[in-house]
Amino acid sequence: METGHEVILKTIDFDKTDELEGFALIGKSNKGIAVTSSRKANVHFTESGW
């Protein structure tokens, strides 16, 4: 992030019909919440290693 270039840390494979609707980091931690358009289980908790 400091370099201003994106880096793929990990790929999360959603169902092909689902779209990523939103993503937010939780506070100042390395954890986040991703929400997809799926009708079931559409909230995913993430953790990055930076």
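Preceding this paragraph is the structure being described.
Here's a quick rundown of the structure.

### Describing unusual backbone geometry
Phi at Ala41 takes a positive value of approximately 50°, unusual for a residue other than glycine. As for its position among the elements, Ala41 is in the loop between β2 (31-36) and β3 (43-47). Classification of Ala41 as exposed rests on a relative accessible area of 65%.

### Notes on the pairing of strand β1 (residues 20-25)
Look at any regular strand and the pattern is simple: side chains alternate between the two faces of the sheet. Where β1 lies against β2, five bridges are found, and the strand directions are antiparallel. Directly across from Ala24, in β2, lies its bridge partner Ile33.

Thresholds applied
Residues numbered from 1 in each chain as written. Predicted model: local features only at pLDDT ≥ 70, side-chain atom pairs only at ≥ 80, totals over all residues. Heavy atoms only, no water. Helix = DSSP H or I, 4+ residues; strand = E, 2+ residues; numbered from the N terminus. Buried < 20%, exposed > 50% of the residue type's maximum accessible area, 1.4 Å probe, protein only. Pairing = 2+ DSSP bridges.

Geometry only, nothing functional implied.
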